[in-house]
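Observations on chain architecture
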Amino acid sequence: MRSLSKLLRNRLTIPALLIVALLLVAAIFAPQLATHEPNRQNFLAIMQPPNAQHWLGTDELGRDIYSRVLYGARISVTVGILAVLLGGLTGILVGLVAGFYGRTLDAVLMRVIDVLLAFPGILLAILLAAVLGAGLVPVIIAVAAYSVPSFARIMRSSVLSVRAQEYVEAARACGAGDLRLIVRHVFLNSFGPVLVYATLLMGSAILTAAALSFLGVGISPPTPEWGAMISTARNYMRQAPHIIYGPGAAIFLTVLAFNILGDALRDVFDPKS
Amino acid sequence: MLSYTVRRLFSAIFVILGVLTLVFFSMHLAPGDPIDMLLPPGVGGRASGELIEQLRARHGLDQPLHTQYLRYVGNALQFDLGQSIRTDRPVTAEVLRLYPATIELTLAALLVAALVGVPLGVLAAVHKNSLIDNLTTTVALLGVSLPHFLLGLLLMLVFALELGWLPPSGRGEPFTLDGLRHLIMPAATLGVATSAIVARLVRSTMLDVLKEDFVRSARAKGLAPRLVVIRHALRNALLPIVTVLGLEFGVLLSGAVIAESIFAWPGLGRYLILAINGKDFPAVQGAVVFIAGMFVLVNLAVDLLYAALDPRVQYN
């Protein structure tokens, strides 16, 4: 409860939560909220600026941008949640095992993590997306892969500090087994930093997925993905710059909201602040 | 120090070997026959069995996997990254031809990040909790959240297409006015997010340093506030700032992929994307290995420099 009131004391938390809520509503109720079929082309209405019928205008094929942005939220939310879950679970497992069992297993796992960390951010995602081909699943795997090392490191350092605490020793003395120690004592006590990172990662996962599609190695047109929409729109920037604004604002606000929430959560969980 | 250097060198070599291994196996364990990746696009279904066998032999794909792996690593360590399918030239030669453009762009972006980030961070720290601080923090937050590709397109829209002040794409001759005009937008696109990161770091580091006794002493002896901040506080906050700038160099190196592909900047990043779209897998492998290798070496250099500059760093 105290954490929650501390979280809400940050003035930006509520607007950020509102944006995330809007994103979720858009993703879930896209079919109900959309005014047009997202992929229906209308050659009588191409590149129209925003108007009463097309709130964010139409694109180069006469498709309604507002409806496409709504459907794009579905893809972004799906990629964000699944990539963070996949990367998070894998990283947490690796970090827990490495930190808890130590010695050789720790050394081997951490060297693998070092290698993954040698790939700067988006490069690993680009490599995997290029190898696995275009589509939703490759993008999710690519984005998850680059988050594994950070999750593993956070978890491992938490485990190392928690493992040395007296209450863990006490629990062991009381006869608690490895699994119980890991789940009950180590994992639950390391939850804060993991949650902070997962929140920050949601924003960057959505951003990376959009960047991959923008570069042409992610989700390809005609799927209404925000990055892919912007990528196509750049060819018509001189005649119809408005095509960029809808998906651009959607990505920007989404990433901004998750960054604000991540920062606010960090302030709550970081004892120094 | 010497044993620390040797140990860090060994670990860097190990990491580079790991990078080679990961790239090799991600290419070979991916779904589909690697030979499909070696065939020019569109040829896939029509290639004769003989042609496929020839290609297989030429690229050593008829050998067992471990032989292929050892040969690949051996060649890479001798700077032989294979032959590009698209251009039929050695990948190493292409990469060496293109990397100066990427380095130029990355250094320029780093300069943008330092020139914008450091003053903003110092201002925010000196005027803590004031309007300036809030404004700086907000701008930094917006900067971190604005995607590179969106910023790049918006800059292009305003400064190239609408106002016509800057060329929309390409690279000019370095160290000339034309070169500078071509460089401004890509460097800003790449550098803005980093300047936001730098501003946040400078702010928090400066806040710590400003609390130190020596700063109070400097103030107590009547030094002008500006001198206290610049000569005493900023100089002592410089080490972490320089370290982060060094580490960000590596991040920018890979971030350049997006800026380069927006502004048709003829560097490694654009080469990588063209190679991916052309299914030129030796070129993809080569570019990825080269960028990751540079990233490792830059980080190694930053670590060693940091250890050399700060005697408090533990070598263990």
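Just so you know, these numbers come straight off a predicted model, no measurement behind them. (Residues numbered from 1 in each chain as written. Chains lettered and ligands numbered in written order. Predicted model: local features only at pLDDT ≥ 70, side-chain atom pairs only at ≥ 80, totals over all residues. Heavy atoms only, no water.)

Thoughts on the overall build of chain B
Inclusion rule: Strands here mean DSSP runs of E at least two residues long; helices mean DSSP runs of H or I at least four residues long; both are numbered from the N terminus. When a residue's accessible area, from a 1.4 Å probe over protein chains only, is under 20% of the maximum for its type it is buried; when over 50% it is exposed; and in between it is partly exposed.
On a plain count of helices and strands, chain B comes out with 12 helices and zero strands. Along chain B, helices (α) and strands (β) appear in the sequence α-α-α-α-α-α-α-α-α-α-α-α when read from the amino end. A principal-axis box enclosing the C-alpha atoms of chain B has dimensions of 85 × 55 × 35 Å. Expressed as a percentage of its 316 residues, the buried residues of chain B come to 50%.

A closer look at the pattern of salt bridges
All names here are of chain B. For clarity, the cut-off: The salt bridge criterion pairs a side-chain nitrogen of Lys or Arg with a carboxyl oxygen of Asp or Glu, the two atoms within 4 Å.
A complete count under the given rule lists 13 salt bridges over all chains for this structure. Between Arg89 and Glu94 there is a salt bridge, with the nearest N and O atoms lying 3.0 Å from each other. By relative accessible area, which is 3% here, Glu94 ends up buried. Residue Asp213 is joined to Arg216 by a salt bridge in which the shortest nitrogen-to-oxygen separation is 3.4 Å. Taken together, the residues span about one helical turn, with Asp213 and Arg216 both in helix H9 (residues 213-220) at a distance of three residues.

Thoughts on the interface of chain B and chain A
In plain terms, the rule: Contact criterion: two residues are considered in contact whenever any of their non-hydrogen atoms come within 4.5 Å of each other. Put simply, buried area is the surface a 1.4 Å probe can reach on two separate parts but cannot reach once they are joined, added for both. We call two N or O atoms a polar contact when they sit within 3.5 Å, provided that within protein one can donate a hydrogen and the other can accept it, with sequence-adjacent residues counted only if both atoms are side-chain atoms.
In this assembly, 41 residues from chain B lie in contact with 39 residues from chain A. Between chain B and chain A, the buried area comes to about 3500 Å², and carbon and sulfur atoms account for 83% of it. The largest contributions to the chain B side of the interface with chain A come from Ser145, Phe149 and Leu153 of chain B, which together make up 17% of the buried area. Remark: the boundary between chain B and chain A carries one salt bridge. Note that Asp263 of chain A and Arg200 of chain B form a salt bridge whose closest N and O atoms lie 2.8 Å from each other. In this structure, the connection of chain B to chain A is made through two residue pairs in polar contact (both at pLDDT 80 or more). Contributing elements (two or more residues each) for the side of chain B that touches chain A: helix H1 (2-28), helix H6 (131-145), helix H7 (148-162), helix H10 (225-262), helix H11 (268-277) and helix H12 (281-309) of chain B.

Here's the deal with empty space enclosed by the protein
Residues and elements named next belong to chain A. Under the convention used in this document: Grid points spaced at 1 Å over the protein atoms alone were grouped into cavities, where a 1.4 Å probe fits but cannot get out, and pockets, open sets with protein on both sides within 12 Å along at least five of seven lines, with lining residues defined by an atom within 4 Å of a point. Grid points are joined across faces, edges and corners, and a volume is the space filled by probe spheres set on the points. Note that Gly is not counted as nonpolar here; it falls among the polar residues with everything else outside the nonpolar set of Ala, Val, Leu, Ile, Met, Phe, Trp, Tyr, Cys and Pro and the charged set of Asp, Glu, Lys and Arg.
Applying the stated criterion across every chain, the model contains one cavity of 30 Å³ or more. Along the wall of the largest cavity there are 13 residues; nearest its centre are Asp59, Arg63, Arg68, Met229 and Thr232. Mapped by element, the contributors of at least two residues to the lining of the largest cavity are helix H11 (226-233) and helix H12 (242-269). Its residues assigned to classes, the lining of the largest cavity shows seven nonpolar, two polar and four charged.

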